[in-house]
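The residues making up each chain are set out below.
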Number of protein chains: 2
Amino acid sequence: MTMIAEILCTGDEVRSGALVDSNSAHISQKLEEAGLEVTRHTCVGDNLETLEAVMKEIGNRADIAVATGGLGPTTDDLTTEAAAKAAGGLKLILDERALGEIEAFFNGRKRVMTPSNRKQAMLPQGADILYNPVGTAPGFGLKIGKCLFFFLPGVPYEMKKMLSDQVLPRIEKLQGRNRSFCKTRTISTFGLTESGVGETVADLSEKFPGIRLGLRANFPEIQIKLYAAAQDETWLDAQIEKASAWVSEKIGHRVISLEGHPMEAAVGNLLRQRGETLAVAESCTGGLISHWLTNVSGSSDYFLFSAVSYSNESKMKVLGVSQETLEQYGAVHEETAKEMAEGVRRLAGATYGIATSGIAGPTGGTDEKPV
Amino acid sequence: MTMIAEILCTGDEVRSGALVDSNSAHISQKLEEAGLEVTRHTCVGDNLETLEAVMKEIGNRADIAVATGGLGPTTDDLTTEAAAKAAGGLKLILDERALGEIEAFFNGRKRVMTPSNRKQAMLPQGADILYNPVGTAPGFGLKIGKCLFFFLPGVPYEMKKMLSDQVLPRIEKLQGRNRSFCKTRTISTFGLTESGVGETVADLSEKFPGIRLGLRANFPEIQIKLYAAAQDETWLDAQIEKASAWVSEKIGHRVISLEGHPMEAAVGNLLRQRGETLAVAESCTGGLISHWLTNVSGSSDYFLFSAVSYSNESKMKVLGVSQETLEQYGAVHEETAKEMAEGVRRLAGATYGIATSGIAGPTGGTDEKPV
């Protein structure tokens, strides 16, 4: 039997829309990968009665729930109190180890612990405490109704670490031999539209029953996602492998990466393998391409230099674009871009030069040269 | 009486975590600005029974609900059918105007309408139809239980337009003379920590009862958000104005903008006013600063040129950093950065030059020069 899971996000910042909740998507993905079926996400604010009510509702519906937020030291942080009430009126008890770890956290940073931080070590009696190695708020596991809740901090970095190191292993243990696996594979493509990709791989589910297809536009790429779930992990891996090879053959040279890497990482790997280097001249993209390229760890192996030149003067002076070209074609033209690419390549002594050109908008476009 | 609102997001992509739901945050903000109290967000997948059940639950709790997603042409799109069931078993009826608009949408794009798009014009009998000027899926308003639901497409661009042009005016009308207003003001600061800002403006709620304070770290800035709600709009504007002036005095020269503009826009406005220009030399930030600067519309008025130089060679050759400086101090040092800034300023003929330096990580750091 597949276990049913729900996700609860708490906090006025998310409820009021001041903050987009990205935690729930992360948790959903991880729980589905672990073979659970996530049926619902709920978000409510910092209100004791609402929190208690919604925990009881989830406790009636789900087998597993992961809740985030509200474990902090301030009076707005009500999750622990609400959980203790929803579990039938448990007492809050000082956990010595949690208190010690909070004290150590502050000492390690040479900061003074405030009395309110002591509140974070007050946890429901009988809870399965999830100590927090990277922050002050410990989490905990607690049964409410028929559902085992895991309460985690809302800070994404802390939540992710505690989810993978502490919550997922506990869930795996619960599943025992009935555990089912869920695998995903992401294939990055470039140069086809979303519907073009969709039509090309439309037969996938027919050829590979049990594999679910998802498409996602991640500008300028289209990602193909393959999902499948089964109890037999070996069979699952083989199926995903076969389906991935089939997709790769169908899409052909428009596949950038079979591991979901973006173009800048795939290009970087090729350059590194070949011992080649790259220089970039940007205009309207204003540093975006350089930023993408240099965001890849290890990019200093092949990325030498980039120039962002808005003015004609700097295009001539630094990149060596000829005055005639600029006068004849203007700043935004293929010929100018060619000379920019060649100029930056020469300047940096790189194997390849790339240049971009255009009008960034929202103003400045003309009929001949649109934004 | 403040009206209670809830938000429902539907779709397997969000439920499974393949997609982060940013719609609900946008809708929450707009509804709270309109004076409603948003108490809960819910997300469920494309499942008819679940959709019907959750609509009935919300119908028992809220006065207003905004739902997104599931209005498309495919068999996965079940929102309309579920809404008709939840409202007590309404028939779905072909809306001629909606059908005409869908046909016109396809004709305008010289694409052929598929029979499945006809399904999008089948709407619950008696629904208040919200025509979609920018896509194929019409939305609709429908009472379920005691709650007036507004169903909108999940595509953010379509949803936002229909929310502001059609849903919010209808809500305002419903509120009539009891309407309350909610105003927010964002103040951008730089150079203080989040807790430093918090302590500096801690007295705000005491000085200005009714104004709620929120802090948000938006690297490298800390934003101060002031929220207030009241029925008297004039009083509200005056209160926010006073509180904003008080905050500005408290924070002093660390305020970047009283309109929530980020640093790059505030700096750009100053440069434009003074008729001055800027050039940038980046190292480890890899184009990020140029990207921020050039993302501001009109930045070509003052932004001339930027160089991203990873190699020592390009630092010497292009920016004119002296070999002695590089040998004595290394690539990552204040002296080197100074010469880079001066070099790029001279090269571009700009009023000011900026340079950054560092080790980007995750590898390459040493004890002396950490990441």
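All figures in this text were calculated on a predicted structure; none of them were measured in a lab. (Residues numbered from 1 in each chain as written. Chains lettered and ligands numbered in written order. Predicted model: local features only at pLDDT ≥ 70, side-chain atom pairs only at ≥ 80, totals over all residues.)

Asker: How would you summarise the domain arrangement of chain A if you had to cite specific residues and measurements?
Answerer: Domain assignment breaks chain A into domain 1 (4-178), domain 2 (182-257) and domain 3 (272-355). For domain 2 of chain A versus domain 3 of chain A, the separation of C-alpha centres amounts to 34 Å. (Domains from an automatic or database assignment.)

Asker: Can you lay out the packing of helix α3 (residues 48-61) of chain B against helix α4 (residues 79-86) of chain B for me, pointing to particular residues and giving the numbers?
Answerer: Residues and elements named next belong to chain B. Packing of α3 against α4 leaves a shortest axis separation of 9 Å and a crossing angle of 50°. When the axis of α3 is compared with that of α4, the two are oblique. Note on packing geometry: the crossing formed by α3 with α4 is right-handed. Packed against α3, whose contacting residues are Leu-48, Leu-51, Glu-52, Met-55, Lys-56 and Gly-59, the element α4 presents Thr-79, Glu-81, Ala-82, Ala-83, Lys-85 and Ala-86 at the interface. Along the lines of polarity and charge, the residues of the contact of α3 with α4 split into six nonpolar, two polar and four charged. (Axes fitted to C-alpha atoms, helices over the stretch in contact; angles between N-to-C directions. Helix = DSSP H or I, 4+ residues; strand = E, 2+ residues; numbered from the N terminus. Parallel < 35°, antiparallel > 145°, perpendicular 65-115°, else oblique. Left-handed = near helix turned anticlockwise from the far one by under 90°. Contact = placed C-beta atoms within 7 Å. Nonpolar A, V, L, I, M, F, W, Y, C, P; charged D, E, K, R; others polar.)

Asker: Pulling in residues and values, what's your account of the environment of Leu-130 of chain B?
Answerer: Residues and elements named next belong to chain B. Tracing the chain through its elements places Leu-130 in strand β6 (residues 128-130). Overall, the presence of 22 C-beta atoms within 10 Å leaves Leu-130 in the buried class. Considered as a pair, Leu-130 and Tyr-310 are 180 residues apart in the sequence and their alpha carbons are 54 Å apart. Apart from residues no more than four positions distant in its own chain, Leu-130 is found in contact with Pro-138, Gly-139, Phe-140, Gly-141, Met-162 and Gln-166. (Buried ≥ 20, exposed ≤ 12 C-beta atoms within 10 Å, placed from the backbone.)

Asker: Explain helix α15 (residues 334-348) of chain A to me, using residue names and the numbers behind them.
Answerer: Between its terminal C-alpha atoms α15 of chain A stretches 21 Å, which fits the 21 Å expected from 15 residues at 1.5 Å a residue. Considered for burial, the residues of α15 of chain A that qualify are Thr-336, Ala-337, Glu-339, Met-340, Ala-341, Gly-343, Val-344, Arg-345, Leu-347 and Ala-348 of chain A. Buried-residue contacts for α15 of chain A involve β13 (278-282), β14 (303-309), α13 (312-317), α14 (323-329) and β15 (352-355) of chain A together with α13 (312-317) of chain B. With its phi angle positive at about 65°, Gly-349 of chain A sits one or two positions after the end of α15 of chain A. (Expected span 1.5 Å × (residues − 1).)

Asker: Pulling in residues and values, what's your account of the confidence of the model for chain A?
Answerer: Counting all residues, the mean pLDDT for chain A is 88, and 96% of those residues have values of 70 or more. This prediction of the complex comes with two scores: 0.73 for pTM and 0.73 for ipTM. (pLDDT = per-residue confidence, 0-100.)

Asker: Please give an account of the environment of Ser-180 of chain B that cites residues and values.
Answerer: Residues and elements named next belong to chain B. With respect to the secondary-structure elements, Ser-180 resides in the loop between α7 (156-175) and β9 (181-189). Sequence spacing of Ser-180 and Asp-301 is 121 residues, and the spatial spacing of their C-alpha atoms is 42 Å. Sequence-distant contacts of Ser-180, that is, excluding residues within four places in its chain, are made with Thr-2, Gly-35, Ala-229, Ala-230 and Gln-231.

Asker: Which residues make up the pairing of strand β1 (residues 4-10) of chain A, and what values do they have?
Answerer: All names here are of chain A. Of all seven residues in β1, six are buried, a share of seventy percent or more. Note: β1 against strand β2 (residues 37-44), seven bridges, orientation parallel. Bridged to Thr-10 within β2 is Val-44. In this structure, β1 lies alongside strand β3 (residues 64-68), joined through five bridges in parallel fashion. The partner of Ile-7 across the bridge, within β3, is Val-66. (Pairing = 2+ DSSP bridges.)

Asker: Describe the sheet that holds strand β14 (residues 303-309) of chain B, with residues and values.
Answerer: Ordered by their spatial adjacency, six strands build an open sheet running β15(A)-β13(A)-β14(A)-β14(B)-β13(B)-β15(B), and the pairing between neighbours is mixed. Edge strands, defined here as strands with exactly one partner in the open sheet, are β15 of chain A together with β15 (352-355) of chain B. Sheet twist, expressed as the average angle between the axes of neighbouring strands with direction ignored, equals 10°. As paired strands, strand β13 (residues 278-282) of chain B and β14 of chain B are joined by five bridges and run parallel to one another. By the bridge assignment, Leu-278 of chain B is partnered in β14 of chain B with Phe-303 of chain B. With respect to the sheet, α15 of chain A is in contact with β13, β14 and β15 of chain A, its orientation differing from that of β15 of chain A by roughly 140°.

Asker: Account for the relation of the copies chain A and chain B, naming residues and giving values.
Answerer: For the pair chain A and chain B, the best superposition has an RMSD of 0.4 Å and corresponds to a rotation of 180° with a translation of 0.3 Å parallel to the axis. Such values leave the two copies arranged in the relation of a two-fold axis. Of the residues that chain A buries at the interface, 100% are likewise interface residues in chain B, meaning the two copies contact each other through the same surface. (Least-squares fit on C-alpha atoms with pLDDT ≥ 70 in both.)

Asker: Now, about the interface of chain A and chain B: what can you tell me, with residues and values included?
Answerer: In this assembly, 50 residues from chain A lie in contact with 50 residues from chain B. Of all the secondary structure elements, the ones that give two or more residues to the side of chain A that touches chain B are α2 (23-33), β2, β10 (212-218), α12 (288-294), β14, α13 and α15 of chain A. For the side of chain A that touches chain B, a count of residues per class yields 18 nonpolar, 25 polar and seven charged.

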